[in-house]
Amino acid sequence: SQQGEEDPQALSIQEGENATMNCSYKTSINNLQWYRQNSGRGLVHLILIRSNEREKHSGRLRVTLDTSKKSSSLLITASRAADTASYFCATAPRMLIFGTGTRLQVFP
Amino acid sequence: IAGITQAPTSQILAAGRRMTLRCTQDMRHNAMYWYRQDLGLGLRLIHYSNTAGTTGKGEVPDGYSVSRANTDDFPLTLASAVPSQTSVYFCASSQQGPSNYGYTFGSGTRLTVV
């Protein structure tokens, strides 16, 4: 059963542009996490936002959480070619459940 | 470098054979997990362990077993492999379970069952 779903499934942008990915989920959560996966590699934890938080920043990343709409967004500002990867949201009702991911392609 | 080591990196396995995927972490994390990743389905939890000596079933546990004899090791065993178990398997760990901390992932084992 899929808890989180990312939107869009794929996104292509030019270097320097901002990239926004969205995540919707179904049940109440303790926290929501975002991960990055480079092709052929394991996932890397980016940021965790707790259910009582609305916004969190980490470097060029900005995450928002709207528990009333059961949605979150990940904004990557001033994107770089090295940001090319798949991005997953993961929600924690109890065990961490991952969505199917957004594939981001950043062209130089 | 602290992290998770998975072995083997890839394997082709005949159907019906038994196989154990190895996972070792050196971060002294209490909780460990096994996920499988299939195209279009994202990552699905197979089994987890919140602390040494305990294990639990995830979303897709059938055909798999795990053990957690100590903090560092969390092997995943396929007793009799079937083609539907062809997947990329990721081991992960977190400081505490089940989900209040970020997970650290290994690099994965690509398994093909023929």
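Thresholds applied
- Residues numbered from 1 in each chain as written.
- Chains lettered and ligands numbered in written order.
- Predicted model: local features only at pLDDT ≥ 70, side-chain atom pairs only at ≥ 80, totals over all residues.
- Heavy atoms only, no water.
- Salt bridge = Lys/Arg side-chain N within 4 Å of Asp/Glu carboxyl O.
- Helix = DSSP H or I, 4+ residues; strand = E, 2+ residues; numbered from the N terminus.
- Buried < 20%, exposed > 50% of the residue type's maximum accessible area, 1.4 Å probe, protein only.
- Pairing = 2+ DSSP bridges.
- Axes fitted to C-alpha atoms, helices over the stretch in contact; angles between N-to-C directions.
- Contact = heavy atoms within 4.5 Å.
- Buried area = accessible area lost by both parts, 1.4 Å probe.
- Polar contact = N/O pair within 3.5 Å; in protein donor to acceptor, adjacent residues only side chain to side chain.
- Nonpolar A, V, L, I, M, F, W, Y, C, P; charged D, E, K, R; others polar.
- Core = buried A, V, L, I, M, F, W, Y, C linked by side-chain atoms within 4.5 Å.

## As for the pattern of salt bridges
Residue and element names in this part refer to chain A.
Next, step 1: The tally for this structure, following the rule as stated, stands at six salt bridges over all chains.
Next, step 2: Salt-bridge contacts for Asp83 lead to Arg60; the nearest nitrogen and oxygen are separated by 2.9 Å. Placement of Asp83 in the loop between strand S8 (71-76) and strand S9 (85-92) and of Arg60 in the loop between strand S6 (55-58) and strand S7 (61-66) is noted, with a sequence separation of 23 residues between them.
Next, step 3: According to the relative accessible area criterion, Arg60 is partly exposed, its value standing at 22%.

## Quick notes on the sheet that holds strand S3 (residues 19-25) of chain B
All names here are of chain B.
Next, step 1: As summarised here, the arrangement of the four strands in space is S1-S3-S8-S7, forming an open sheet in which the pairing is antiparallel. Each edge of the sheet is formed by a strand with only one pairing partner; in this case those strands are strand S1 (4-7) and strand S7 (64-66). Across the sheet, the mean angle from the axis of one strand to that of its neighbour is 20°, orientation sign disregarded.
Next, step 2: Note: S7 against strand S8 (residues 76-78), three bridges, orientation antiparallel.

## Side note on the interface of chain B and chain A
Next, step 1: With 20 residues of chain B in contact, the opposing surface of chain A contributes 22 residues.
Next, step 2: Where chain B abuts chain A, roughly 1600 Å² becomes buried across the two surfaces, and 52% of that area is made up of carbon and sulfur atoms.
Next, step 3: Three residues, Leu43(B), Ser99(B) and Phe105(B), lead the burial of chain B against chain A; their summed loss comes to 27% of the area buried on that side.
Next, step 4: Seen at the junction of chain B and chain A, the total is zero salt bridges.
Next, step 5: One can count four residue pairs in polar contact (both at pLDDT 80 or more) joining chain B with chain A.
Next, step 6: At four residues, strand S5 (residues 42-49) of chain B tops the list of elements feeding residues into the side of chain B that touches chain A.
Next, step 7: Partitioned by chemical class, the residues of the side of chain B that touches chain A number eleven nonpolar, eight polar and one charged.

## Overview of the nonpolar core
Residue and element names in this part refer to chain A.
Next, step 1: Membership of the largest hydrophobic core comes to 22 residues, with the highest contact counts inside it found for Leu32, Trp34, Leu74, Ile76, Tyr87 and Leu104.
Next, step 2: Elements represented by at least two residues in this core include exactly strand S2 (10-14), strand S3 (19-25), strand S4 (31-37), strand S5 (43-50), S7, S8, S9 and strand S11 (102-107).
Next, step 3: Per-element accounting of this core gives the leading share, four residues, to S3.

Function-wise, these values are silent; they only describe arrangement.
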